Amino acid sequence: MDIPYTSKPRPDTGLYNAKVGIWLFLASEVMLFGALFSSYILLRIGADVWPQGLLNIPIGTFNTAVLITSSVTVVMAWASLKMNNFPKFKLYMGITILCALAFLGIKSIEYKDKFTHYQVWLKDGTTLTGHIAGNPYFWNHNTLDKKKLDHIEFTSDGKHDAKAGDKGQSHPGGHAPAVKIERKDITRLSAYVPAHSTYFAIYFTLTALHALHVIGGSLVLAFFWGPGSKMWKTDPERFTNRIEIGGLFWHFVDLVWIFLFPVLYLL
Amino acid sequence: MTNYITKYLGMPPVTAAHAQGLDNLLWYIHVLMAVLFVGWLAYFLYVIVRFSKARNPKADYQGLKGHASNYVEGLVVVVEFVLLVFFAIPLWASAVDKFPDAKDSLVLDVVGSQFSWRARYPGADKIFGKQDARLVSAENLSGVDAKDPNAKDDFEVVNDIVVPLNKDVIVNVSSMDVIHCFAIKPMRVTQDAIPGLKLATHFKPTVAGTYLINCAQLCGNSHFAMRGTLTVMNQADYDKWAASKATGAGAGAGSYE
Amino acid sequence: MADSHDISKHVKTYIGIFIALLIGTVITVGLYYVHFNSIAVTIAVALVIATLKSFLVAGYFMHLMSEKKTIYWIMGVTIFFFLALVGLFVWSLYDIPKPRGL
Amino acid sequence: MQATSHATHHDPTHADSHHEELGFWRKYIFSTDHKVIGFQYLLTALVFLLIGFLLIGLMRWQLAYPGRAIPIGGALMEKMLGSDMVGKEAVTGKVGVIMPDLYNSFGAMHGTIMVFLAIVPLAFGAFGNFVTPLQIGAPDMAFPRLNMASYWAYFYGGVVMLVSFFVPGGAAKSGWTSYSPLASVADAQYAVNGQTLWIIGMVLLITSSLLGAVNFITTIIQLRAKGMTWMRMPFFVWAQFVTGFLLLLAFPPLEAAGIMQLMDNVLDTSFFLPTGMVVSGKVADISGGGSPLLWQHFFWFLGHPEVYVLILPAMGIVAEIISNNTRRPLWGYKTLVYSVLCIGFLSFIVWAHHMYLTGMGTKISTFFQTTTMMISIPSVFILTCFFISLWGGSIRFNTPMLFALAFLPMFGIGGLTGLPLGFNATDIYLHDTYYVIGHFHYVVAPGTIFGLLAGIYYWFPKATGRFMNEFLGKIHFVFSLIFMNAVFLPMFVQGMAGMSRRMYDGGATYSLQNTPEAIGALNALVIKHNISITHAAIGLGLAQIPFIINFFWSMFAGKRVTSDNPWEATTLEWSTPTPPPHGNFLKEPAAYRGPYEYSAPGAATDFTPQFQAEKP
Ligand code: HEA
Ligand code: HEA
Ligand code: CUA
Ligand SMILES: [Cu+2]
């Protein structure tokens, strides 16, 4: 006996196997991201201060648009197959994959900016944000001790409220000249990495996990676009189903981002 | 009530004011459990003998008729409901909400750390000195601000806590490092000590003597030996002891500088 | 299963939703720059818009508007437990008693 | 007995005409056949069960004789684990004393291995895989390759867990609950430590369970044979169905939390670490701002549904066997189904009964103790149905039935002792004592393990074509029953006397011997129970030897079955050839009636299988 309902729907449920499977999988994904969202809420409620405006909103907005575009193209790709238009499928699916790559590219630029952007906490209780001369990655106060540095050259983002932090990279050199900060005045130093604060911890966790989903999804879609598309000739119905499944996953990834963007960038 | 409950359940003697209520509930539940267990077990043994293949070669499609099982199930539901609403919830509320008046009580800060209990007494003025995390150092683990006049008569003890007899004690339990659990079994007192939180519990010792404070939450390799003592003495002795601590060498505000 | 005529109707819906999603994004960001006086209102508005957007994606792109009962059951149960998770977490956070003393 | 007992089909080529010969690797190691995968799960999980037992054996030795070297293998253990872990006796200098860190490692790993690597894989992976598709009349799982992936994720998860014993600092040592901050503080001096590997292992295990759950639920929804309506499914399948949902929805939050704890350990974040922690006299170098309670919420959000993952499949097995061996229908099939659904539903909203003492307010703890009491009701219903099913039966006492019968009072004790824990007021006293240990071991050890053993004895003939030996089986049963109780009953006494769990020295520090003036300290008798428990645990281990012999001997030399339906059972798995070929059924199966039509009035035999067509 062969396994039934691999591409034809089962009469009483009206579904083929993979569709039940993917929705169950998405259900578990809802709980996964849901758990992270609820940690976000709890950490934020529990926090004394919650940093705001440390991310680059225009870039984030653009990335949102990119992802939304990819979501509509993937459903168009599926619709094209339904309408028996294979070349159009290739086109739409191609755009989807390009969007995914664009999203990842932009995300990695954002990450890189964060890794070289620093905050120093000084003995007198004040803090500064800005760049260290030479733009090193991932330093913290322990790095200074390890490198036996007794001071750093620090270019502050300038006199600012918390908001201006995101301008760091777009104004290299900043408004203020580089100053020398003695090691002994520094109580803590951290790049904008997960260890910086619970805000960045949850930011990186959520976005990196999301990015992993984007990578995974785009690999699968790329397979369907490339070698996997041979199946269109042999078993078009099953192939269309596969695109639907891939699309469902992809929409979910988009849906997660729809929440991530305002929650992390704006609020 | 001379205590048949502790005797039959094998618990340590009752030594705190609230403990009897808790024991009573524990007793009622165990009575319920025993009734259910014995009843079902008797039925069970009867059935497996009576309906063995040898005795009953032909099985009965219908099986049990009547509503006996519904009555049993209904009974369990009712008893559980009664225990819940009339005993458990009020007991918990009195443990968590109905705190004794702090003015008439001894208020202690107890902080667990690997692997000891440090108790801070507010001293004669009954007010704790200010604390500040930035002042924490190996010498001043509590981060007490020595400049605060209220801190002058505060004192600390490590592991050996002393409280007066028949007086309410409020303990704010906390931890410096990992999670511990402040437990004095004969007092029926257990409270997790969680870093970042200060959780209050209270009890009123009714029997003078020495008790063991145990750490009931795994906290590292010497968890098993994280033992303190609680000494309950009458008010006069306690006052003497407290006075000696507040002014004695190695205690009091002086030690924070 | 929908035939290709139906599908071409769907395609129009997809485009419409695409535009709606973009507009939603612009509004959210716009509101951020406008600033409401209260942070609570800002958060509420942003989340409401995000929720609407997610309904569009789930409802139309993922065809949830016209899915089978089984899928509704699965997702219904999931959403319920998700709400239990978040709700009970937050509730338990607020219901921690304060330390006692003078 | 006409249609039901075809002659057995021993000829695999005949049974399986249309598929090409697979090589050894594809057939036994990287197989996609649910039955082979079920067997892989079975064997791997039994090995882990044994490992879990050996760990607790060593711990029990230390509890009974604190500071004494283990009788054999001490030097070897020191070589393997290092002298920080395995010390010397103070007086004699004999090597082989289990050190506190090793005790804690063993404790954490005993819990982890037993729960995630032994019982869940047995209950869900092995029985679920082997039996479920057969019982619903499916040719295989819905996604065979996913099924294989699920097994291998489990396998590697197990390997990671075992490897972690040998990294510097040893395996995870913060309990199976891995509470932060301890999990982030312990062994923090080592870059890759047991805690980190524990999380990585857990992520693999969670992945495995998720893949399995997706597969099981899809299979049950989609691949039921003709006529196999929901209300004709055997209770075992219902139990697996609910179990699948528990895994599917409860595990992801722990996966999220695992990732966060991993970041706390590796990237120095502080999701679960609060501001102002002072570790060994120094202010910790962290950003702070996290919450240790968050981890606990996540852990128990999984942890509580998880305990029902451990018990429901066992209940399913017991239901099948009871019905088969009383020769009458299961009493209250509908009640059973609704109860199990109800348990599944409620089990998601009771988790904080493990956290009563973390400073809960009145309202929230009232909520959780109310739901906890509510969830005990369907368990009472299920047990009641089982008990009443016995009434009017014609009970056959074969080995599977003995284990299934013993399950009932054993689970009863475990479940009933859950009640005083469920009331928060009494939990103040009982929390983290040996009473808790006694409670849950009664449900998982004499409860679940007995259920699973019953299942092994019951389905062994279908899987191998041979019976297990009844005599050895009965020996195994009698001694297991005696020793299980001898191990776990005294724990209630210890717990009531106030002995805490996870005590390296078995509570000696808190004994009257140590502090004679202490009121209410543990008396000599309570401490002595440690020794009797340990002896009983050794006996329990020895009692498994007949089983191990029986298992392997019967596989090759046991009595052959003479029919495809040797127990004269009614469910679909007994209509397949023995052992079932790839694809399971020779012709498309169908279900014509409910699953438990035993001794139906007017029927020719005392069983009317689901697969027996209506007389025209
Ligand atoms: C399979 C596993 C399993 C099962 C089924 C249960 C079932 C239950 N558990 Fe248990 N529990 C655990 C596994 C399990 N538990 C584990 C592993 C822990 C500890 C984790 C740790 O801290 O490490 C734990 C801990 C635990 C605690 C926390 C204790 C503490 O840490 O302080 C609590 C508190 O409420 C609790 C309650 C319950 C309740 C109310 C049930 C109820 O569902 C029980 C309902 C059943 C009944 C009421 C029995 C009905 C039967 C009859 C009436 C018939 C009787 C017949 C005869 C005797 C012949 N459990
Ligand atoms: C499913 C879970 C499960 C199971 C089955 C068991 C089984 C057993 N457990 Fe355990 N236990 C836990 C889960 C489990 N445990 C957990 C979660 C903890 C808490 C950990 C923590 O504190 O963090 C714990 C803690 C714990 C403690 C407390 C330690 C402490 O607090 O310091 C003790 C003490 O005696 C103990 C004893 C036992 C014993 C004697 C068994 C026996 O019943 C074992 C019986 C098993 C056998 C006898 C093996 C049979 C073998 C076969 C049948 C193999 C056949 C092989 C082939 C065919 C190849 N366990
Ligand atoms: Cu402190 Cu255990
Ligand atoms: Cu529980």
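These lines cover the structure that appears in this document, whether it is placed above or below. (Residues numbered from 1 in each chain as written. Chains lettered and ligands numbered in written order. Predicted model: local features only at pLDDT ≥ 70, side-chain atom pairs only at ≥ 80, totals over all residues. Heavy atoms only, no water.)

1. Some points on the overall build of chain C
Point 1. In terms of regular secondary structure, chain C is built from three helices and zero strands.
Point 2. A total of 102 residues make up chain C; the buried ones form 38% of that total.
Point 3. In the structure as shown, chain C presents an accessible area of about 5700 Å², 75% of it carried by carbon and sulfur atoms. (Helix = DSSP H or I, 4+ residues; strand = E, 2+ residues; numbered from the N terminus. Buried < 20%, exposed > 50% of the residue type's maximum accessible area, 1.4 Å probe, protein only. Areas by Shrake-Rupley, 256 points an atom, 1.4 Å probe, with all protein chains shown as cover.)

2. Focus on the pairing of strand E2 (residues 116-121) of chain B
Working note: regular strand, side chains alternate between the two faces of the sheet.
Residue and element names in this part refer to chain B.
Point 1. Burial analysis of E2 places six of its six residues in the buried class, which makes it a mostly covered element.
Point 2. With burial as the criterion, each face of E2 is covered, one bearing Ser116, Arg118 and Arg120 and the other bearing Trp117, Ala119 and Tyr121.
Point 3. Two elements, strand E1 (residues 106-113) and E2, share five bridges in a ladder whose sense is antiparallel. Looking at E2, one finds that Val111 is bridged to Arg118.
Point 4. The loop that links E1 with its antiparallel partner E2 comprises two residues.
Point 5. Examined bridge by bridge, E2 and strand E3 (residues 155-158) share four bridges and lie antiparallel to one another. Looking across to E3, one finds that Arg118 is bridged to Val158. (Pairing = 2+ DSSP bridges.)

3. Looking at the site of ligand 2
Residues and elements named next belong to chain D.
Point 1. By nearness alone, 35 residues border ligand 2, and Arg60, Tyr103, His110, His441 and Arg502 come closest of all.
Point 2. In the model, an oxygen atom of ligand 2 is placed 2.7 Å from a nitrogen or oxygen of the Arg60 side chain.
Point 3. Within the side chain of Arg502, one N or O atom sits 2.7 Å away from an oxygen atom of ligand 2.
Point 4. Put simply, the parts of the chain that give the shell around ligand 2 at least two residues each are helix H3 (34-64), helix H5 (100-136), helix H15 (434-464), helix H16 (470-497) and helix H18 (545-557).
Point 5. Residue classes in the shell around ligand 2 are distributed as 26 nonpolar, six polar and three charged. (Near = heavy atom within 4 Å. Polar contact = N/O pair within 3.5 Å; in protein donor to acceptor, adjacent residues only side chain to side chain. Nonpolar A, V, L, I, M, F, W, Y, C, P; charged D, E, K, R; others polar.)

4. Thoughts on the coordination of the iron atom of ligand 2
All names here are of chain D.
Point 1. Within the protein, the atoms that donate to the iron atom of ligand 2 are His110 (NE2) and His441 (NE2), at distances of 1.9 to 2.0 Å.
Point 2. Around the iron atom of ligand 2 sit six donor atoms, and with donor-metal-donor angles ranging over 87 to 179° the site reads as octahedral. On the criterion of sequence distance, the pair formed by His110 in helix H5 and His441 in helix H15 is long-range, its members being 331 residues apart.
Point 3. Looking at His110, the relative accessible area reads 13%, which means it is buried. (Donors = N, O, S within 2.8 Å, 3.2 Å for Na, K, Ca; no water. Tetrahedral: all angles 85-135°; square planar, octahedral: opposite > 155°, others 65-115°.)

5. Observations concerning the interface of chain B and chain D
Point 1. Counting residues at the interface gives 89 residues for chain B and 95 residues for chain D.
Point 2. Summing the contributions of chain B and of chain D, the shared interface buries around 7800 Å²; its carbon and sulfur component is 70%.
Point 3. Interface area lost by chain B to chain D is led by B:Tyr61, B:Trp92 and B:Phe224, which between them contribute 11%.
Point 4. Along the contact surface separating chain B from chain D lie 28 residue pairs in polar contact (both at pLDDT 80 or more).
Point 5. Every element with two or more residues in the side of chain B that touches chain D is listed here: helix H2 (19-50), helix H3 (68-96), strand E7 (189-193) and strand E9 (209-215) of chain B.
Point 6. Broken down by element, the residue count for the side of chain B that touches chain D peaks at 16 residues, all from H2(B).
Point 7. Split by residue class, the side of chain B that touches chain D holds 58 nonpolar, 20 polar and 11 charged. (Contact = heavy atoms within 4.5 Å. Buried area = accessible area lost by both parts, 1.4 Å probe.)

6. Examining the environment of D:Pro589
Point 1. The topology assignment puts D:Pro589 in the segment after H18.
Point 2. Considered as a pair, D:Pro589 and D:Ala497 are 92 residues apart in the sequence and their alpha carbons are 58 Å apart.

7. Details of the sheet that holds E9(B)
All names here are of chain B.
Point 1. Within the open sheet, the five strands sit side by side as E4-E10-E9-E6-E7. Their pairing is mixed. Because the sheet does not close on itself, it has two edges, and the strands there are strand E4 (160-164) and E7. Pairs of neighbouring strands in the sheet enclose a mean axial angle of 20°, with direction left out of account. (Axes fitted to C-alpha atoms, helices over the stretch in contact; angles between N-to-C directions.)

8. Thoughts on the site of ligand 1
Point 1. Near ligand 1 lie 33 residues; those nearest to it are B:Phe37, D:Tyr308, D:Asp427, D:His431 and D:His439.
Point 2. Ligand 1 is flanked by residues contributed from chains B and D.
Point 3. Between D:His353 and ligand 1, the recorded distance is 3.5 Å, taken from a side-chain N or O atom to an oxygen atom.
Point 4. Note that an oxygen atom of ligand 1 is positioned 2.8 Å from one of the side-chain N or O atoms of D:Arg501.
Point 5. Considering every element that reaches the shell around ligand 1, the biggest residue donor is helix H13 (residues 399-422) of chain D, with eight residues.

9. Some points on the coordination of the copper ion (ligand 4)
All names here are of chain D.
Point 1. Protein coordination at the copper ion (ligand 4) comes from His304 (ND1), His353 (NE2) and His354 (NE2), with a distance range of 1.8 to 2.1 Å.
Point 2. In primary-sequence terms, the residues that donate to the copper ion (ligand 4) follow H-x48-H-H.
Point 3. Between the copper ion (ligand 4) and the iron atom of ligand 1, a spacing of 4.5 Å is present. Of this pair, His304 sits in helix H10 (residues 292-326) while His354 is found in the loop between helix H11 (333-346) and helix H12 (362-390), placing the two residues 50 residues apart along the sequence.

10. A word on the interface of chain D and chain A
Point 1. Contacts between chain D and chain A engage 45 residues on the former and 38 residues on the latter.
Point 2. Between chain D and chain A the total buried area reaches about 3100 Å² when both faces are included, carbon and sulfur atoms providing 71% of it.
Point 3. When residues of chain D are sorted by the area they lose upon contact with chain A, D:Pro139, D:Gln222 and D:Phe271 head the list and together hold 18% of the total.
Point 4. Run the count over chain D and chain A and you get zero salt bridges.
Point 5. Taken together, the connections running from chain D to chain A amount to seven residue pairs in polar contact (both at pLDDT 80 or more).
Point 6. The element best represented in the side of chain D that touches chain A is helix H9 (residues 235-266) of chain D, accounting for 10 residues.
Point 7. Among the residues forming the side of chain D that touches chain A, the class breakdown is 27 nonpolar, 11 polar and seven charged. (Salt bridge = Lys/Arg side-chain N within 4 Å of Asp/Glu carboxyl O.)

11. A short note on the sheet that holds strand E1 (residues 118-122) of chain A
All names here are of chain A.
Point 1. Taken in spatial order, the five strands make up an open sheet running E4-E3-E2-E1-E5, and their pairing is antiparallel. Two strands in the sheet have a free side with no partner beyond their single neighbour: strand E4 (178-182) and strand E5 (186-191). Taking the axes of each pair of neighbouring strands and ignoring which way they run, one obtains an average angle of 45° across the sheet.

12. Comments concerning unusual backbone geometry
Point 1. Going from D:Ser180 to D:Pro181, the amide bond is cis rather than trans, its omega being 0°.
Point 2. Following D:Thr578, the chain continues into D:Pro579 via a peptide bond in cis, with omega recorded as -15°.
Point 3. In this structure, D:Pro579 sits in the segment after H18.
Point 4. Even without a glycine there, the phi angle at A:Asn135 is positive, about 45°.
Point 5. Here A:Asn135 lies in the loop between strand E2 (127-132) and helix H4 (141-146).
Point 6. Owing to a relative accessible area of 35%, A:Asn135 belongs among the partly exposed residues under this scheme.
Point 7. Its identity as a non-glycine residue notwithstanding, B:Asn166 has a phi of 55°, on the positive side.
Point 8. Take B:Asn166: it is sitting in the loop between E4 and strand E5 (169-175).
Point 9. Residue B:Asn166 is classed as partly exposed on the basis of its relative accessible area of 45%.

13. As for the pattern of salt bridges
Point 1. Summed over the entire model, instances satisfying the criterion amount to 17 salt bridges over all chains.
Point 2. A salt bridge links B:Asp23 to B:Arg188; the nearest nitrogen and oxygen atoms lie 2.7 Å apart. Taken as a pair, B:Asp23 in helix H2 and B:Arg188 in the loop between strand E6 (180-184) and E7 lie far apart in primary sequence, 165 residues in all.
Point 3. The class of B:Asp23 is buried, set by a relative accessible area of 0%.
Point 4. Measuring nitrogen to oxygen at the nearest pair gives 3.3 Å for the salt bridge that ties D:Glu470 to D:Lys474. In this pair, D:Glu470 and D:Lys474 are both assigned in helix H16, four residues apart and thus about one turn of the helix distant.
Point 5. Exposure remark for D:Glu470: the relative accessible area of 31% places this residue in the partly exposed category.

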